[in-house]
Amino acid sequence: MERITMNIPLLALRGITVFPGLTASLDIEREISMYALDRAMENDRRIFLVTQREISTQQPAEADLYRVGTLCRILQIIKTSDNSVRVIVEGEQRARVRRLWQTHPFLQANAELLEEEPYRAGAKAEALLRQTYSLFGEYQELATHLSDEMLSAVLDQKDPGRLADFVGQNLPLRHVDRQRILEELHPLHRLQIVNEILAREVDVISMEVRLENEVRERVSRIQKNAILREQVKVLRQELGEDDDEELAEYAERIRKAKLPEEAEKKLLKELDRLGKQPYGSAEASVIRNYLDVCLEIPWGKTTRDRADVQSAGRILDRDHYGLDKVKEQILEYIAVRQIHPGAKGKILCLVGPPGVGKTSIALSVAEAMHRKLARLSLGGVRDEADIRGHRKTYIGAMPGRIVEALIRGGSMNPLMVLDEIDKLGADSRGDPAAALLEVLDGEQNSSFRDHFVELPVDLSQVMFITTANTLDTVPRPLLDRMEVVQLTSYTDEEKVEIAKRHLIPKQLREHGLKRRQLHIADEALRLIIRRYTRESGVRILERQIGKLCRKAAISFVTTDVKAITITEKTLHSYLGVQKYNDDLRREQDEIGVVNGLAWTEVGGELLEVEVNAVEGSGKLELTGNLGTVMQESCKAALSCLRSRWEALGIPCDFYKTMDIHVHFPEGAVPKDGPSAGIAIATAMLSALTGRKVRASVAMTGEVTLRGRVLPIGGLKEKTMAAYRSGVKTVILPRDNAKDLEEIDTVVFRALRFIPVDSVDAVFAAALVPEDRRRAVEHLAAVGAPELTGREVRLGDQL
């Protein structure tokens, strides 16, 4: 087929597409478009209309134009203003831009005329026509701007190509969709594109109509509610139920609350806002909730502290056995309050293992001081808003736990227990520990501001008692604001007394038994503590006593037994097989084995240290699941021995010719800490020299490279472990000698204590003296070189 081309003025359209066989009206303003019209009128009135790709382009180039446009004839030009005209054109034929060869003063292109592709009329064409009629009918029902004449014109079209062009030009479609229709030369394919676009437009308009109906219904409902509210308001006024009564009630409550000046002004301002709110508005509900919360705070209300120190002491002794340090702190504070009633609140932090009575002693303090109690459990709290509250503008906003505790306590000077402060967490919502810095600071908490209340709340009269199992997870700035009181594990004797005074009576009451029906001997209690529990507190002990009560109840119900006495011999039949064994010391003195003392969360334990020295290449093997600090202690002990080889009578090159293996039994249990330093050094020296270690001696202390013995912690629990294990002598750092005043009296009388400040004193007390011949035989047996005379003499001096 011969291609027909021509050079013709080009008019770039913005957002408009003209189709062949149809008339269109265009408003022209751009200068290049005016010149193109002038040139077309000078010739044969023909002009090439091509749509721009981007509407915002002012000076289009060839790349800014679509390739396919419409060759049109100008029918009429009407001047609408000095700078614009309206031109009416009629589309004649599709054409393609081959080249834009002129851009100034107007666009002129070389265009190729396009002919429609032939098609065969048949069932497919008829189906497409019917589909178009149906879709256009649906569109016309939804789109109110289309008239019935437009639908009739569509139904009159029988040619698929003409119908597609007619729909494409007369519907408000995107210029991209119109260009798709224009560029398709096959009539059936073109009509199929139109049907796809119509189906999409029907879905979009259906969604628009539905959204519009929903908005209209919502607006109508709001207007209806507003009218009903006004009617209800008028009726309430007619019935004498005006809102003024509610406002007057709030005003009276504010006046009687004896609020600080700032708080009173704030609440009166909120009350004024409430009076201006329409009936039933959401803002009015927020203001009412805010006023109710603020007025529930016990502004100015305090309880009178108990001024009798002796009476408070009797209450503390009645509820708890031991815990002398805590009781002493509380009684000191009560004495200060007796002398100076205006003293600020105290902030204590009770730190100790689980079950030793931290929370219960805090609850007893409230009774002893005659204060209201407010307890907060902080375990797992991760949101700062839990402490400071939420802004009242949020839905469901509420005050923080501090203000809520004041409301529960009913006074401005309650005893507030912050339980499990070491379990606080932090995430993207904030750090609650940071929010507590102001609460627990005696210099700042007199004007604590909750986010919900937005008023200064005086916490200076509150007595805070926090509890924690460890201080490792408590931030240092927070710890600096509290007075820390350490609660150590209970000794066996303390547990016996607690069981007799508190646990047994409590369990008897809970199980409905009388004291004469069940008697537990002291020796049976000690056996329960040693063999059926292993804890720092008394929780498991209480459960075991409860189990005995249940066993006794079964006997009372099923037999004729009237009273039961549980002794050490009959305990097995009630509690079954013993769960734990005492860490009994070995009976024979051995080489390379030393009794160390360890502290655990459930009390003290005897921890043996074993050392083997064998011929090798100088390796140091450490086994027993040791932590980093304990591994460093082993290395420090070895270096200490190397630096004192002459005084200790060991070969100077033992670290090259012998392998030393240090092992701590019970390898599945993690162990760490520096307090086994002198035990490790003693075991190494024993293994190297062949001197036995006394089995009746246990020791604890950190060793340095220079042989100094440094202080350790947990002495009370460690000495109890030594006592239980049958140890007779305990070697401890001299700096810990002052701590012997705090250990159990029975333990203090049963053990012999040797304070030391250097490893020389440790070796002298722990090692059994050996003659020269035995030492030489031992070193020869482990593969060490024969001792020189000087070394033997020095060894004999040990």
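Residues numbered from 1 in each chain as written. Predicted model: local features only at pLDDT ≥ 70, side-chain atom pairs only at ≥ 80, totals over all residues. Heavy atoms only, no water.

Chemist: Break down the packing of helix α8 (residues 261-276) against helix α9 (residues 282-296) for me, with residues and values.
Modeler: α9 packs onto α8 with a crossing angle of 155° between their chain directions and a minimal axis gap of 10 Å. The angle between α8 and α9 places the two elements in the roughly antiparallel class. For the pair α8 and α9, the crossing hand works out as left-handed. Here α8 contributes Lys 266, Leu 267, Glu 270, Leu 271, Arg 273 and Leu 274 to the contact with α9, which in turn contributes Glu 283, Ala 284, Ile 287, Arg 288, Tyr 290, Leu 291, Cys 294 and Leu 295. Considering only residue class, the contact of α8 with α9 consists of nine nonpolar, no polar and five charged. (Axes fitted to C-alpha atoms, helices over the stretch in contact; angles between N-to-C directions. Helix = DSSP H or I, 4+ residues; strand = E, 2+ residues; numbered from the N terminus. Parallel < 35°, antiparallel > 145°, perpendicular 65-115°, else oblique. Left-handed = near helix turned anticlockwise from the far one by under 90°. Contact = heavy atoms within 4.5 Å. Nonpolar A, V, L, I, M, F, W, Y, C, P; charged D, E, K, R; others polar.)

Chemist: Before we move on, could you go through the pairing of strand β26 (residues 752-756) and cite the residues and values that matter?
Modeler: As paired elements, strand β25 (residues 729-733) and β26 share five bridges and run parallel to each other. Pairing of Val 730 across the sheet is with Phe 753, part of β26. After leaving β25, the chain enters helix α26 (residues 745-750) and then returns to the sheet as β26, a path that is right-handed. (Pairing = 2+ DSSP bridges. Right-handed = clockwise from strand over helix to strand, strands pointing away.)

Chemist: Which residues make up the packing of aromatic side chains, and what are the values?
Modeler: Counting across every chain of the model gives two aromatic pairs. When the centroid spacing of 5.9 Å and the interplanar angle of 55° are considered together, the rings of Tyr 290 and Phe 452 count as tilted. Placement of Tyr 290 in helix α9 and of Phe 452 in the loop between β10 (448-449) and β11 (456-457) is noted, with a sequence separation of 162 residues between them. There is no split in this pair, since Tyr 290 and Phe 452 are both buried. Aromatic pair Phe 748 and Phe 753: ring centres 5.9 Å apart, planes at 20°, arrangement stacked. Judged by its relative accessible area of 43%, Phe 748 falls in the partly exposed class. Sitting over the ring of Tyr 290, Lys 392 keeps its end group 4.7 Å from the ring centre. (Phe/Tyr/Trp six-rings, centres within 6.5 Å; stacked < 30°, edge-to-face > 60°. Buried < 20%, exposed > 50% of the residue type's maximum accessible area, 1.4 Å probe, protein only. Lys NZ or Arg CZ within 6 Å of the ring centre and 35° of its normal.)

Chemist: Explain the nonpolar core residue by residue, including any values.
Modeler: Counting 54 residues, the largest nonpolar core has Met 416 and Ile 421 as its most contacted members. With seven residues, the top contributor of residues to this core is α9. Not counting chain neighbours up to four residues away, the residues in contact with Ile 421 comprise Leu 378, Leu 436, Leu 440, Thr 466, Thr 467, Ala 468, Val 474, Leu 478 and Met 482. (Core = buried A, V, L, I, M, F, W, Y, C linked by side-chain atoms within 4.5 Å.)

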